[in-house]
Amino acid sequence: MIVTIDGVAASGKSSVSGGVASALGIPYVSSGLLYRAATLLALEAGLDLHQTADLEAAVLQELARHTLVLEPLAAGNRVWEGQREITERLHSTRIDKGVSIIAVMPRVRAWVDDQLRALPAPFVAEGRDMGTAVFPEASAKFYLTASPRIRAERRAKERPEDIPAIEAALTRRDELDRAQIAPAPDALVIDTGPLDLQGVIDLILSKLALSNSALSKPTHQTS
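To keep things clear, this report deals only with the structure shown in the data block. Small disclaimer: the values here were computed from a predicted structure and weren't measured.

### With respect to the pattern of salt bridges
Applying the stated criterion to the full structure yields 12 salt bridges. Close ionic contact of E44 with R84 constitutes a salt bridge, the shortest N to O distance being 3.2 Å. A residue pair is termed long-range when its members are at least 10 positions apart, and E44 in helix α2 (residues 31-44) and R84 in strand β5 (residues 84-85) qualify at 40 residues. Notably, a salt bridge pairs R149 with E167, separated by 2.8 Å at the nearest N-O pair. Here E167 lies in helix α8 (residues 163-176) and R149 lies in helix α7 (residues 148-156), a separation of 18 residues in the sequence. With relative accessibility at 37%, the residue R149 sits in the partly exposed group. Members of the salt-bridge network, linked through shared partners, are E44, E81, R84 and R89.

Structure follows, in C-alpha cells:
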C-alpha cells in the first residue's frame, strides 16, 4: 500500500502524513527533505543559486560527491549525509528561499524520484507530485491546500518571523512550484483551513477506511 499526500508549501503535509502513518502503523516518506538536503549541499559548496549556467550540473556533482540517505519513520524523517545527521539544518529561511530553485531542476527531480521509488512499501509519501509523477499507481491519493495567509500564520508559530513576510514568501513559492503542485486527477482535495491537524488526519483515515471497505466487499456474479 502506498498513500500519497501532496499539497502546497506549509499546508501541513508532513504533520498530517506523520499522523496518518502512525495510525496505520507504517512509515511516512518526506520527499521535500531530499530537495532541502540537495539545497543545503549546494549552499555549503558555495554555489550561487541565482546563476543559470551549469547550476544543475554543479548540484548533481554535489549529490554524486555526498551520500544522502533519507530515513523514513512514522514519528518523523531523518536525513543523513554520510555519518552526519543534517535534518535540523534543513528547516530555515535560507533553505526555504533556495529549495524552489533546486526542486524545479529535471535531473535533480529524477534523482529524488529514484531514491523514493527504491524504498520498500507500505508507506505514506508526502510532497508535491507524489500522486502524479512518482507514485501514479498509489492506492489512495490526497491533496492539501489552504490560503497563503492561513499557511503563514501556522508557519509563524514555528519560526519567529513576520506573518506578512512569510505570506509573501509562500506566494512566491507557489508561483515557482506551480508546475509541480497540481493535484492528481484522482486525488481528494482537502482545504485544511477550517480544520485542525487531527481533523485532517481523521478525514483521511475515514476515507481510507471507506476505500478499504469497498475493496474488501465480495463481488457477486450472475450466471
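### Examining the side chain of S30
Its place among the elements puts S30 in strand β2 (residues 28-30). On the basis of relative accessible area, S30 is assigned to the buried category, the value being 4%. With residues up to four places along the chain from it excluded, the contact list for S30 reads S14, L70, N77 and E126.

### Examining the sheet that holds strand β1 (residues 2-7)
Spatial strand order, β2-β6-β1-β7-β8: five strands in an open sheet with parallel pairing. Across the chains shown, the open sheet's two edge strands, defined by having one partner strand only, are β2 and β8 (188-191). Taking the axes of each pair of neighbouring strands and ignoring which way they run, one obtains an average angle of 20° across the sheet. Bridging between strand β7 (residues 140-145) and β8 involves four bridges; their strand directions are parallel. Across the sheet, T145 pairs through a bridge with D191, a residue of β8. α2 rests against β2 and β6 (123-127) of the sheet, and its axis sits at about 30° to β2.

### Here's the deal with the pairing of strand β4 (residues 78-81)
A one-sided burial pattern is seen for β4, the buried positions being V79 and E81 and the unburied ones R78 and W80. Sheet topology places β4 next to β5; two bridges connect them, and they run antiparallel. Opposite W80, over in β5, you have E85 as the bridge partner. If you look at the hairpin formed by β4 and β5, you'll find two residues sitting between the two strands, and G82 has a positive phi there, around 65°.

### Thoughts on the nonpolar core
Within soluble globular proteins, side chains that are nonpolar generally end up buried alongside one another. Of all hydrophobic cores here, the largest spans 35 residues; its most connected members are V59, L68, V79, I102, L116 and F135. Going through the elements one at a time, α2, α3 (55-65), β3 (68-71), α4 (93-103), α5 (106-117), β6 and α6 (130-134) are the ones with two or more residues in this core. Sorting elements by how many residues they give to this core places α2 first, with nine residues. Once residues within four sequence positions are removed from consideration, F135 is found in contact with I2, T4, L116, R117, F123, A125, M130 and K141. Core analysis: the second largest hydrophobic core is formed by 16 residues, A21, I26, V124 and I201 among them.

Conventions used here
- Residues numbered from 1 in each chain as written.
- Predicted model: local features only at pLDDT ≥ 70, side-chain atom pairs only at ≥ 80, totals over all residues.
- Heavy atoms only, no water.
- Salt bridge = Lys/Arg side-chain N within 4 Å of Asp/Glu carboxyl O.
- Helix = DSSP H or I, 4+ residues; strand = E, 2+ residues; numbered from the N terminus.
- Buried < 20%, exposed > 50% of the residue type's maximum accessible area, 1.4 Å probe, protein only.
- Contact = heavy atoms within 4.5 Å.
- Pairing = 2+ DSSP bridges.
- Axes fitted to C-alpha atoms, helices over the stretch in contact; angles between N-to-C directions.
- Core = buried A, V, L, I, M, F, W, Y, C linked by side-chain atoms within 4.5 Å.

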